[in-house]
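Each chain, letter by letter, is given below.
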Amino acid sequence: YEDTCRMTKDNLIAVLKANSAYRLKPSISETNINVHLLVGEKESGKMRRSAKLLHKRINNSKFTVLKKRSHGQFSINEPQEYAAVLMDLLKEKNA
């Protein structure tokens, strides 16, 4: 967050353009690790669609829509719960 706040307007625009031009590589379907996609209900439509596409393309991935949350709220405002989700994912990997 602090790094983003220090970015110039031109650099921020360049990053946003690069991010929006990204195209998912077909090899994503070869992913063989545990993936749990979390997306906020209040995220932009583009973010929700992107998360759904990742879920569709990554075999055995989990997909959760976080009610009443926008981008970053879960990890920033509820760090204990967020860490618990991460720990569960790691436990699944080692099971």
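Right above here is the structure, for reference.
Note on numbering: residues in each chain are counted from 1, in written sequence order. Residues qualify for local features only when their pLDDT is at least 70, as the model is predicted, and side-chain atom pairs are given and counted only at 80 or more; totals for whole chains, interfaces and linings, by contrast, use all residues. Side-chain figures throughout are based on the complete set of non-hydrogen atoms in the structure, without hydrogens or water.

Draft legend 1. Representation of the overall build of the chain within the structure. Helix numbering and strand numbering both begin at the N terminus, where a helix is a DSSP run of H or I of at least 4 residues and a strand a DSSP run of E of at least 2. Counting its secondary structure elements, the chain contains five helices and two strands. Each helix and strand of the chain, ordered N terminal to C terminal, gives the series α-α-β-α-β-α-α. With the C-alpha coordinates of the chain rotated into their principal frame, the extents come out at 45 × 35 × 25 Å. Within the chain, the proportion of its 95 residues that are buried is 13%. Carbon and sulfur atoms provide 54% of the accessible area of the chain, an area that totals close to 7,800 Å². The distance from the centre of the 18 positive side-chain charges to the centre of the 10 negative ones in the chain is 9 Å. Only protein chains enter the accessibility calculation, which uses a 1.4 Å probe; a residue is then buried when its area is under 20% of its type maximum, exposed when over 50%, and partly exposed in between. Methods summary: accessible areas were calculated by the Shrake-Rupley approach with a probe of 1.4 Å, and residue burial reflects only the protein chains presented. For this count, His and the chain ends are skipped, Lys and Arg are scored as positive, and Asp and Glu as negative. Each charge is placed at NZ for Lys, CZ for Arg, CG for Asp and CD for Glu.

Draft legend 2. Broad picture of the pattern of salt bridges. Think of a salt bridge as a Lys or Arg side-chain nitrogen and an Asp or Glu carboxyl oxygen that are within 4 Å of each other. Within the structure shown, the criterion is met by one salt bridge. For the salt bridge of E78 with R69, the shortest nitrogen-to-oxygen distance reads 2.7 Å. Judged by relative accessible area, E78 falls into the partly exposed class, the value being 22%.

Draft legend 3. Structural context of the packing of aromatic side chains. Whether two aromatic rings pair depends on their centres lying within 6.5 Å, for rings of Phe, Tyr and Trp, where Trp uses its six-membered ring; planes under 30 degrees apart make the pair stacked, over 60 edge-to-face, and the rest tilted. Under the definition given, this model contains one aromatic pair. Aromatic side chains F74 and Y82 sit 5.7 Å apart centroid to centroid with 85° between the ring planes, which places their arrangement in the edge-to-face category. Looking at Y82, the relative accessible area reads 28%, which means it is partly exposed.

Draft legend 4. Seen up close, a positive patch on the surface. Residues with no salt bridge and a relative accessible area higher than 30% make up the patches, which join like charges within 9 Å and nonpolar side chains (Val, Leu, Ile, Met, Phe, Trp, Tyr) within 5 Å. Judged by side-chain charge, R23, K46, R49 and K52 come together as a positively charged surface patch. One can find K46 in helix α3 (residues 45-57). Assessed through its relative accessible area of 51%, K46 is described here as exposed.

Draft legend 5. Broad picture of unusual backbone geometry. One non-glycine residue, N60, lies in positive phi territory at about 60°. For N60, the position within the fold is in the loop between α3 and β2 (62-66). Of note in the backbone geometry, K68 takes a positive phi value of approximately 55° without being a glycine. Position of K68 relative to the elements: it lies in the loop between β2 and α4 (73-77). Under the relative-accessibility criterion, K68 is labelled exposed at 65%.

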